[in-house]
Amino acid sequence: MTETTRGVWYGLSAYSIWGCFPLFFALFQGVPAFEILVHRIIWSCVFLALVITGLRRWPAVRAALRDPSQLWRVLACAVLIAANWGIYIYAVETRHVLQASLGYFLTPLVNVALGMLVLRERMGTWQMVAVVLAGIGILIQLVLLGELPWLSIGLALSFGTYGLVRKQVLLDGLSGLFVETLLLLPPALLVFGWLVAEGASHFTDSLHNGSLLLASGVVTAIPLLLFAGAARRLRLATVGFLMYINPTLQFAIALLVFSEPISEAQLMSFLVIWIALCLYSWSSWHYRPRVPVRQE
């Protein structure tokens, strides 16, 4: 197996696991979204600490913790990723997986828009058209349904902004996520202690919920490790195409497993955003830098 083939398998596995997350978070019985988020932070931190130890990544972690300028950026990343996790868990818990899917379809286009507005990156004509079409897709739901898809917008903005800030942090994906969860660990432990003291914790009320809460940390970390393996072996364009596996699987699960209703307005909105994504992907592929062929 070549390194490229191995990278494709890692990428397929990572995005497939992320795409199946609704099936996992739907297994919790009567556990509020914020409590699942608290345990996801705690057990992700514990599991990542074990992985960091096994891979001997502690020097990078210690360097990040000693650098105040970098630590503030990591803290911003931590708040954004916690917000994204919380919104996503709430979307699954309330059976709004279609909105979650839409949010992750929108994320690449939000990244392009943020790059232009914040980093002053140049945007190609077709990329600009794709972003405008995405905005039209959202307006369709606003006009025809009379409401904005807030969960979709919240997921796309939180993850898009997370990516923007994360680009400024000199840490690999694994070490960066560990430091992020480490910064979130004290408030998460305080909330966990408060829930236990109030008798409101679901961690020990059943083996089912307790096991799932523990597993949430492993489920969070494993696709990240697979993604890191894919990112090291594949071109960015390939990783970008694989990314659509995640929201596509969520869309299918919402319709086929959870039987979520989809109105004509929602379907029209999805179609417009899918066209925008096709334009964006085509322009990214067509105008990618080409390596000149050396003449012998």
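Each chain carries its own residue numbering, running from 1 in the written order of its sequence. Local features in a predicted model are, by the rule used here, given only for residues with pLDDT of at least 70; side-chain atom pairs are given and counted only at 80 or more, and totals for whole chains, interfaces and linings are based on all residues. Computation of side-chain values: all heavy atoms of the structure, hydrogens and water removed.

**Section: the environment of S263**
Item 1. Only DSSP runs of H or I reaching four residues or more are called helices, and only runs of E reaching two or more are called strands; each is numbered from the N terminus. Tracing the backbone through its elements, the reader meets S263 in the loop between α12 (245–256) and α13 (264–286).
Item 2. Classification of S263 as partly exposed rests on a relative accessible area of 27%.
Item 3. S263 sits 122 residues away from Q141 along the chain, and the two C-alpha atoms are 9.8 Å apart. The buried label goes to any residue with under 20% of its type's maximum accessible area, the exposed label to any with over 50%, and the partly exposed label to all in between, with areas taken from a 1.4 Å probe on protein chains only.

**Points about the nonpolar core**
Item 1. Judged by nonpolar contacts, the single largest core of 73 residues is most densely connected at F25, F28, I36, Y88, L106 and L109.
Item 2. Here, two residues are considered to be in contact whenever any of their heavy atoms come within 4.5 Å of each other. Look past the residues within four positions of L109 in its chain and what remains in contact with it is A130, V131, A134, A276, L277 and Y280.
Item 3. What we call a nonpolar core is a set of buried Ala, Val, Leu, Ile, Met, Phe, Trp, Tyr and Cys residues that are connected through their side-chain atoms within 4.5 Å. By size, the runner-up hydrophobic cluster in this structure holds five residues, among which are Y15, A230, L234 and V239.

**Observations regarding helix α5 (residues 68–93)**
Item 1. Expected span of a helix: the number of residues minus one, times 1.5 Å. Compared with the 38 Å implied by 1.5 Å per residue over 26 residues, the 37 Å span of α5 between its first and last C-alpha is a close match.
Item 2. Just downstream of α5, R95 is the residue with a positive phi angle, here 60 degrees.

**Some points on helix α10 (residues 207–233)**
The periodicity of an α-helix, 3.6 residues per turn, causes residues three or four positions apart to be oriented the same way.
Item 1. Between its first and last C-alpha, α10 extends 40 Å over 27 residues, near the 39 Å set by a 1.5 Å rise per residue.
Item 2. Axes are fitted to the seven residues ending at a residue and to the seven starting at it; the angle between these axes is taken as the bend at that residue. Its axis deflected by about 30 degrees at A215, α10 carries its strongest bend there.

**As for the packing of aromatic side chains**
Item 1. Put simply, two rings from Phe, Tyr or Trp (the six-membered ring, in Trp's case) pair if the centres are within 6.5 Å, and we call them stacked under 30 degrees between planes, edge-to-face over 60, tilted for the rest. Counting across every chain of the model gives 19 aromatic pairs.
Item 2. Between the aromatic rings of F25 and Y88, the centroid separation amounts to 6.2 Å while the plane-to-plane angle is 80 degrees, which identifies the pairing as edge-to-face. Here F25 is found in helix α2 (residues 21–25), whereas its partner Y88 is found in helix α5, with 63 residues between them in sequence. For the pair shown, F25 and Y88 are each scored as buried.
Item 3. Seen in terms of ring centroids, F105 and F270 are 6.3 Å apart; in terms of plane orientation they differ by 85 degrees. Their pairing is edge-to-face. In this pair, F105 is assigned in helix α6 (residues 97–117) and F270 in helix α13, connecting sequence segments 165 residues apart.
Item 4. Residue classification places F105 among the buried positions, given a relative accessible area of 4%.
Item 5. Judged by relative accessible area, which is 2%, F270 ranks as buried.
Item 6. A network of ring pairs unites the aromatic residues F21, F24, F25, F28, Y88, Y104, F159 and Y162 as a single cluster.
Item 7. Only when the NZ atom of a Lys or the CZ atom of an Arg is both within 6 Å of the ring centre and within 35 degrees of the ring normal do we say a charge sits over the ring. Over the ring of W85 we find R40; its NZ or CZ atom is 4.3 Å from the centre of that ring.

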